[in-house]
Amino acid sequence: MTVLATVLLLAISHLRSSAQADLMFTQHWALPTLYNPAATGETDFIRIRGGARLQWLGITNAPKNFVATGDSPFKVFNKRIGAGVTLSQESIGLFSNLLASAQGSYKFNILKGRLSVGLQLAYYNSKFKGSETYVPGGDDFHQPSDPSIPTQDLTGNAFDVSLGAFYSNKLFHLGISGMHLTNPVVRLKKEGTEATDTQEYETKLPTSIYFDAGCNIDLHNTLFTLQPSLFLGTDFSDFSAELTMRATYNHFLSFGLGYRWNDAVCVMIGAEFKNFFLGYAFDYPTSSLGKVSAGSHEIVAGYQLKLDLSGKNTHSQRSIRIM
């Protein structure tokens, strides 16, 4: 009963204030375009990746997150650009949120590296299963007849804009982005109808700022590479900071540890074979959630295909006329 009441109160506060549109993945370094559109086209590959995260196992209606990303570099008038798409879905309590975006970036060569600026245009849809709301008896704060508690399924959508910048060279990378800069309002209405005249619900996509930094450190006379990274995020209400340290052996097997401030400790393992990637992460809460949750599980998988952007045909063929 207490768990149901807690989930319901979280849902109502979500309706009245803000929605978290961006999914939090421990392996953020494997999904760079999810948080920064300027990271599109940074490699010489067509890069496709997907991820799933089951958060706070043991808690009823805990978040379940799914994401798919794809990006590629192109050359237009001998200038390098990047393009990509993202699709993310989150289920939390009685909410189901979907974000679909198209991304583009333009590249500049500067300071022995490459600076990218990126733009993201996105469509956001939010659904609330009001028909499944339940208020336990004896609740001192809410009654089943409270008009502020939806009892019918609601849906709403909005469009928003995000911007980012990303710099990389052989040694390190830095990225900063502003997501949902228009701070769009999502007005929820009964599915299949216009907004009701008697009651209207709304939520907002908060503007979020992300900062990402990382580097590669080759250990002398070994096959190991150390890859520390720092990821910061805020929506001006909540703040997140994650520090990770990974070690990669022979560009094949990687493992690492991470710490998310006031949230969790993380362990990671991954492997790259030819053009395939597979990574797993486990988070254990360091907060009071550790008393009721067995932790969070996360998996990211992907495939990449090498592109030749030199403009030269390296696969010349002899004519059958002179063979």
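So, here is what we can say about the structure in this document. Since the model is a prediction, treat every value here as computed from it, not as a measurement.

1. With respect to the overall build of the protein chain
Across its full length, the protein chain carries 1 helix and 17 strands. A buried classification covers 42% of the 323 residues belonging to the protein chain. Accessible surface computed for the protein chain: about 17,800 Å², of which carbon and sulfur atoms make up 62%.

2. Topic: unusual backbone geometry
Here the phi dihedral of asparagine 221 falls at roughly 60 degrees; this positive angle occurs in a residue that is not glycine. You can see asparagine 221 is positioned in the loop between strand S11 (217-218) and strand S12 (224-234).

3. So, the pairing of strand S14 (residues 253-260)
In S14, alternate side chains face the same way, and those of Ser254, Gly256, Gly258 and Arg260 are buried while those of Leu253, Phe255, Leu257 and Tyr259 on the opposite face are not. For strand S13 (residues 239-249) and S14, the ladder comprises 8 bridges, and the chain directions are antiparallel. Each residue of the ladder has a partner; that of tyrosine 249, found in S14, is leucine 253. Between S13 and S14, which pair antiparallel and follow one another directly, the connecting turn spans 3 residues, one of which, asparagine 250, has a positive phi of 55 degrees. Relative to strand S15 (residues 264-273), S14 is paired through 8 bridges, and the arrangement is antiparallel. Considered in S15, the bridge of leucine 253 is made with alanine 271. The antiparallel hairpin formed by S14 and S15 contains 3 residues in its connecting segment, where asparagine 262 sits at a positive phi of about 60 degrees.

4. Thoughts on the packing of aromatic side chains
To describe a pair of aromatic rings, one takes the distance between the centres and the angle between the planes. Applying the stated rule across the entire model yields 11 aromatic pairs. Taking the centre distance of 4.9 Å and the plane angle of 50 degrees together, the rings of phenylalanine 95 and phenylalanine 128 count as tilted. Highlighted residues: phenylalanine 95 in strand S4 (residues 95-110) and phenylalanine 128 in strand S5 (residues 113-128), separated in sequence by 33 residues. The same class applies to phenylalanine 95 and to phenylalanine 128, which are both buried. These aromatic residues form a ring-pair network of at least three members: Tyr35, Tyr210 and Phe231.

5. Digging into the pairing of S5
Across 16 bridges, the pairing between S4 and S5 is antiparallel. Across the sheet, alanine 100 pairs through a bridge with tyrosine 123, a residue of S5. The antiparallel hairpin formed by S4 and S5 contains 2 residues in its connecting segment, where leucine 111 sits at a positive phi of about 50 degrees.

6. Examining the side chain of serine 126
The topology assignment puts serine 126 in strand S5. Not counting the four nearest positions on each side in its chain, serine 126 is found in contact with Phe95, Ser96, Asn97, Leu154, Thr155, Gly156, Val186 and Leu188.

7. Examining the environment of leucine 171
Tracing the sequence through the fold places leucine 171 in the loop between strand S6 (154-168) and strand S7 (172-179). Separated by 47 residues in sequence, leucine 171 and aspartate 218 place their C-alpha atoms 9.8 Å apart. Not counting residues within four places of it along the chain, the set of residues in contact with leucine 171 comprises Cys215 and Asn216.

8. Things to note about the pattern of salt bridges
Tallied over the full model, the rule gives 11 salt bridges. Note that arginine 260 is salt-bridged to aspartate 283, the shortest N-O span being 3.2 Å. A residue pair is termed long-range when its members are at least 10 positions apart, and arginine 260 in strand S14 and aspartate 283 in strand S16 (residues 276-285) qualify at 23 residues. Classification of aspartate 283 as buried rests on a relative accessible area of 2%.

9. Observations concerning the environment of alanine 213
Residue position: alanine 213 is located in strand S10 (residues 208-215). In this structure alanine 213 comes out as buried when scored by relative accessible area, which is 16%. Residues alanine 213 and glycine 175, spaced 38 residues apart in sequence, show a C-alpha to C-alpha distance of 6.4 Å. Beyond its immediate chain neighbours, meaning those up to four positions away, alanine 213 contacts His173, Leu174, Pro228, Ser229 and Leu230.

What counts and what doesn't
- Residues numbered from 1 in each chain as written.
- Predicted model: local features only at pLDDT ≥ 70, side-chain atom pairs only at ≥ 80, totals over all residues.
- Heavy atoms only, no water.
- Helix = DSSP H or I, 4+ residues; strand = E, 2+ residues; numbered from the N terminus.
- Buried < 20%, exposed > 50% of the residue type's maximum accessible area, 1.4 Å probe, protein only.
- Areas by Shrake-Rupley, 256 points an atom, 1.4 Å probe, with all protein chains shown as cover.
- Pairing = 2+ DSSP bridges.
- Phe/Tyr/Trp six-rings, centres within 6.5 Å; stacked < 30°, edge-to-face > 60°.
- Contact = heavy atoms within 4.5 Å.
- Salt bridge = Lys/Arg side-chain N within 4 Å of Asp/Glu carboxyl O.

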